[in-house]
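# Observations on chain architecture
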Amino acid sequence: MNLFLYFLTVLIWGTTWIAIKFQLGVVAIPVSIFYRFALAGLLLFGALVLTRKLQKLDRRGHWLCVGQGLCLFCLNFLCFYTATQWIPSGLVSVVFSTSTLWNALNARLWFGTRVAPRVMTAGLFGFCGLVLLFWTELATQQASDETLLGLGFALLGTFCFSTGNMLSSLQQRAGIRPLTGNAYSMLYGAAILLAGCMAAGLPFDFDPSPSYVGALLYLAVFGSVVGFTAYLTLVGRMGPARAAYCTVLFPVVALSVSTVAEGYRWTPYALLGLALVMVGNLLVFTKWSPFAGRARAAGGA
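All figures in this text were calculated on a predicted structure; none of them were measured in a lab.

### What about the overall build of the protein?
Assigned secondary structure in the protein consists of 14 helices and 0 strands. Starting at the N terminus and ending at the C terminus, the protein contains elements arranged as α-α-α-α-α-α-α-α-α-α-α-α-α-α. Counting all 301 residues of the protein, 48% fall into the buried class.

### Quick look at the nonpolar core
In this structure, Tyr6, Tyr35, Phe37, Phe228, Tyr231 and Leu234 are the most contacted members of the largest nonpolar core, which totals 61 residues. Ranked by residue count, the leading element in this core is helix α10 (residues 210-238), at 13 residues. Look past the residues within four positions of Phe228 in its chain and what remains in contact with it is Trp13, Arg36, Phe37, Leu72, Phe73, Phe77, Asn182, Met186 and Gly223.

### Describing α10
The axis of α10 is deflected most strongly, by about 30°, at Gly227. Looking one or two places after α10, you find Gly239, whose phi comes out positive at around 100°.

### Quick notes on the packing of aromatic side chains
Under the counting rule described, the total for this entry stands at 15 aromatic pairs. Between Trp110 and Phe111, the ring centres sit 6.3 Å apart and the planes meet at 55°, which makes this aromatic pair tilted. Of the residues examined, Trp110 reaches a relative accessible area of 38% and is grouped as partly exposed. One aromatic cluster is present, formed by Phe34, Tyr35, Phe204, Phe206 and Tyr212 through successive ring pairs.

### Regarding the packing of helix α2 (residues 29-50) against α10
One can describe the packing of α2 onto α10 by two numbers: an axis separation of 9 Å at closest approach and a directional angle of 55°. In terms of orientation, α2 lies oblique with respect to α10. For the pair α2 and α10, the sense of crossing is right-handed. Residues Ser32, Tyr35, Arg36, Phe37, Leu39, Ala40, Leu43 and Leu44 of α2 form the contact with α10, whose participating residues are Tyr212, Leu216, Leu217, Leu219, Ala220, Val221, Gly223, Ser224, Val225 and Phe228. In the contact of α2 with α10, the residues fall into 14 nonpolar, 3 polar and 1 charged.

### Description of helix α8 (residues 145-173)
Taking 1.5 Å of rise per residue, the 29 residues of α8 would be expected to cover 42 Å, and the 42 Å separating its terminal C-alpha atoms lies within 8% of that figure. Count one or two residues on from α8 and you reach Gly175, which has phi positive near 90°.

### Here's the deal with the environment of Ala154
Turning to its location among the elements, Ala154 is positioned in helix α8. Distance from Ala154 to Phe77, taken between C-alpha atoms, is 9.7 Å for residues 77 residues apart in sequence.

### Comments concerning the state of the cysteines
In total, this model carries 0 disulfides according to the counting rule given. With no disulfide of its own, Cys74 lies 8.6 Å from the sulfur of Cys197, the closest cysteine sulfur.

### Some details on the confidence of the model for the protein
On average, residues of the protein score 81 in pLDDT, and 83% of them are at 70 or above. A low-confidence stretch, residues 294-301 stays under pLDDT 50, and its non-local contacts, those more than four residues away or across chains, total 0 contacts.

### Some details on the packing of helix α5 (residues 99-111) against α8
One can describe the packing of α5 onto α8 by two numbers: an axis separation of 9 Å at closest approach and a directional angle of 45°. Classed by the angle they form, the pair α5 and α8 counts as oblique. Where α5 crosses over α8, the two elements pack in a sense that is right-handed. Here Ser99, Trp102, Asn103, Asn106, Ala107, Trp110 and Phe111 of α5 lie close against α8, whose contacting residues are Thr158, Phe159, Phe161, Ser162, Thr163, Asn165, Met166, Leu167, Ser169, Leu170 and Arg173. The residue inventory of the contact of α5 with α8, partitioned by class, reads 9 nonpolar, 8 polar and 1 charged.

### Notes on unusual backbone geometry
In this model, Arg52 sits at a positive phi of 60°, which is unusual for a non-glycine residue. Along the chain, the position of Arg52 falls in the loop between α2 and α3 (59-83). Note on Arg52: relative accessible area 79%, which makes it exposed.

### Quick word on the environment of Leu39
For Leu39, the location among the structural elements is in helix α2. Judged by its relative accessible area of 26%, Leu39 falls in the partly exposed class. In sequence terms Leu39 and Ser224 are 185 residues apart; their C-alpha atoms lie 9.6 Å from each other. In contact with Leu39, not counting residues within four places along its chain, are Leu216, Leu217 and Ala220.

What counts and what doesn't
- Residues numbered from 1 in each chain as written.
- Predicted model: local features only at pLDDT ≥ 70, side-chain atom pairs only at ≥ 80, totals over all residues.
- Heavy atoms only, no water.
- Helix = DSSP H or I, 4+ residues; strand = E, 2+ residues; numbered from the N terminus.
- Buried < 20%, exposed > 50% of the residue type's maximum accessible area, 1.4 Å probe, protein only.
- Core = buried A, V, L, I, M, F, W, Y, C linked by side-chain atoms within 4.5 Å.
- Contact = heavy atoms within 4.5 Å.
- Bend = angle between axes of the 7 residues up to and from the residue.
- Phe/Tyr/Trp six-rings, centres within 6.5 Å; stacked < 30°, edge-to-face > 60°.
- Axes fitted to C-alpha atoms, helices over the stretch in contact; angles between N-to-C directions.
- Parallel < 35°, antiparallel > 145°, perpendicular 65-115°, else oblique.
- Left-handed = near helix turned anticlockwise from the far one by under 90°.
- Nonpolar A, V, L, I, M, F, W, Y, C, P; charged D, E, K, R; others polar.
- Expected span 1.5 Å × (residues − 1).
- Disulfide = S-S within 2.5 Å.
- pLDDT = per-residue confidence, 0-100.

In structure tokens:
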């Protein structure tokens with residue numbers, strides 16, 4: 001089940017980038033994000049009510065959902081969309097891949113969970129792999145104030161994502177199932193976005209084109225309801241650090257799609273990067289270790 005949820009999350013989040021691309025243009029970014037999570041939250045909430053699977057929450061549960069909505073379904077996306085205005089999406093992906101390390105450190109601070117050396121090593125392999133995957137793009141990036149600002153927003157978005165993971169862990173420890181937690185959190189996040197858009201005076205335009213509507217439906221149903229539920233279920237089953245390794249692998253799926261859709265060319269650096277990411281996956285999901293043979297030899301000696 002863990003492997004199924006893991007690869008389902010990777011497959012969905014690895015393809016949402018092309019849907020997000022179709023949303024850019026006519027509608028302001030915060031408004032598009034509001035549409036996405038308002039629709040996703042209403043669909044999930046309605047489905048749970050109809051099937052009588054919606055849990056009742058106490059005051060603490062609602063506040064946990066407010067926090068998760070703010071971090072995971074509001075600030076997280078605003079930061080990453082804003083970062084892409086100043087730095088390449090490849091660099092944003094590299095920064096986002098550090099969520100594995102952020103989650104391990106936050107789990108230690110929030111819950112006292114010991115940071116497994118295997119997970120930290122896997123995160124290091126994955127980060128180095130992503131740097132190599134996007135090496136051509138990163139090497140041409142000019143250092144400037146805009147670059148530093150973009151990196152700052154990307155780091156802030158990653159921190160918000162990790163904080164949302166910790167709040168989801170608290171929800172599940174309190175007995176709140178991921179479906180219920182996501183339904184409330186998405187609606188709270190959409191409400192915060194709505195208030196922010198209104199305060200900023202943003203127009204609530206809508207693009208009726210098939211590409212925009214199709215992208216909105218895909219992001220709301222699959223990218224949000226299915227993807228986040230699968231991922232946050234993994235957070236509860238595996239722990240935040242191991243579950244966050246999804247964020248390392250889904251850019252690889254995006255590049256594979258780009259190979260077909262946009263003619264992306266795999267360089268030797270990219271192939272080496274892919275190999276490092278795969279090593280990281282082996283470390284996360286198996287007992288295999290590249291240092292196992294050396295350790296056994298030392299033990300035998």
